[in-house]
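Here are the chains, one letter per residue:
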Amino acid sequence: MMRLIHSSEYKGIAPKLDFSLPDLSESRLRDWVRALSVPRDYRAETVTNENIGSWIAKQFEDFGYHVKIKGPLRNIIALPKEPENVVLVGAHYDSVPQSPGADDNGSAVAAMLACAQGIATSLPQAQVAFVAFNCEETGYEGSRNFVEEFLEQAAFKVRHAHILEMVGYASDQPGTQRIPTALPINLPSAGNFLGLLSDQRSGGLMDGILAQARSEFADFPVIGLEVPTGMEKCLPVLARSDHVPFWEHGIPAVMWTDTAEFRNPNYHQPSDTPETLNYPFLRTTAQLLFTVLANTTAP
């Protein structure tokens, strides 16, 4: 049975924290999105794909992480000192051919970079790792490789994962939100909320995010959908991003999303450009993620 919860109606409240993202501005997020927004398909635009991967790795290195560029798919893995049992944040950095991919998925990479910088600055001992996956657009090959090959040999474990998939497009206008294909749920008419997707194994993780949103971001609407474990095999709309390999291998994971083409008319188009994004929405999403990470990893 599916469970749909609005943060405003969530009954649990998380404790308020003293942590906040230091000096995160909309202009910084916009600059990162602009730097990322070039067509960068893994096979059709090999050079720009490699260049963007190297640029992301350089950002992580500048923040102080130990960075690995792993395998032929060039996943960018940023690890804390002495990782043991980490919370993972992941976002894919490839785009479809001929699309700048500002929302898909430059917005998510920018939010991830903001959190990585904030953790390195405010909580340098926190067990948080970050991965920029490649080849999500071709059947999430990068995240599958990470889960099935890299993690099998890694000296650390993943407690749970936050997977960011398009988190920069939002509108308060009625009629801007559609219901994802075949889902028997009701959603607001305005596409101004952050969506969360979990399976039953990840439901507690989703609840923690909703509680944090209600406690510290009361004016920012967040809607969580928990589905029965394995339902993604029956409803393809639930299995379209890098959370899937984690679910398949029993690792709790929540996907954060603006719902992609069910809201954003520029999805997979040349028009998916930086100026189409809602930077206050993106900034608040990054702030919420940072708060969740601080709440679960602070010493």
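Structure's up top.
Attention here is on the structure that accompanies the text. Remember, it's a predicted structure, so these values are computed and weren't measured experimentally.

How each quantity is defined
- Sequence positions are assigned chain by chain, starting from 1 and proceeding in written order.
- In view of the model being predicted, local features appear only for residues whose pLDDT reaches at least 70, and side-chain atom pairs are presented and counted only at 80 or more, with totals across whole chains, interfaces and linings using the full set of residues.
- Think of the side-chain values as coming from all heavy atoms in the structure, minus any hydrogens and water.
- Strands are labelled as partners when DSSP assigns at least two bridges between them.
- A helix here means a DSSP run of H or I that spans at least four residues, while a strand means a run of E at least two residues long, and both kinds are numbered starting from the N terminus.
- Lines are fitted to the C-alpha atoms to define the axes, a helix being fitted only along its stretch in contact, and any angle between axes, read from their N-to-C directions, falls within 0 to 180 degrees.
- Here, two residues are considered to be in contact whenever any of their heavy atoms come within 4.5 Å of each other.
- Two rings belonging to Phe, Tyr or Trp (six-membered ring only in the last case) form a pair when the distance between their centres is within 6.5 Å. Interplanar angles under 30 degrees mark stacking, angles over 60 mark edge-to-face geometry, and anything in between is tilted.
- Each residue's exposure class comes from its accessible area (1.4 Å probe, protein chains only) as a fraction of the maximum for that residue type: buried when under 20%, exposed when over 50%, partly exposed otherwise.

Let us look at the sheet that holds strand β7 (residues 194-199). Reading across the sheet, the nine strands line up as β1-β8-β7-β9-β6-β4-β5-β3-β2 and stay open at both edges, with mixed pairing between neighbours. Each having just a single partner strand, β1 (3-6) and β2 (66-70) make up the two edges of the open sheet. Each strand axis lies, on average, 20 degrees off the axis of its neighbour in the sheet, ignoring direction. Where β7 lies against strand β8 (residues 222-227), six bridges are found, and the strand directions are parallel. Across the sheet, the residue bridging to Leu197 is Leu225, located in β8. Contacting β2, β3 (75-79) and β5 (128-133), helix α2 (residues 46-63) crosses the sheet at an angle of about 5 degrees to β3. Helix α5 (residues 203-216) contacts β1, β6 (157-165), β7, β8 and β9 (253-257) of the sheet and is inclined by roughly 170 degrees relative to β8.

All right, on to the packing of aromatic side chains then. By the definition in use, this model includes nine aromatic pairs. Summarising the aromatic geometry, the rings of Phe60 and Tyr65 are spaced 6.2 Å apart at their centres and angled 80 degrees between planes, so their arrangement reads as edge-to-face. Note on Tyr65: relative accessible area 9%, which makes it buried. When the centroid spacing of 5.4 Å and the interplanar angle of 20 degrees are considered together, the rings of Phe146 and Phe150 count as stacked. Taken together, the residues span about one helical turn, with Phe146 and Phe150 both in helix α4 (residues 141-153) at a distance of four residues.

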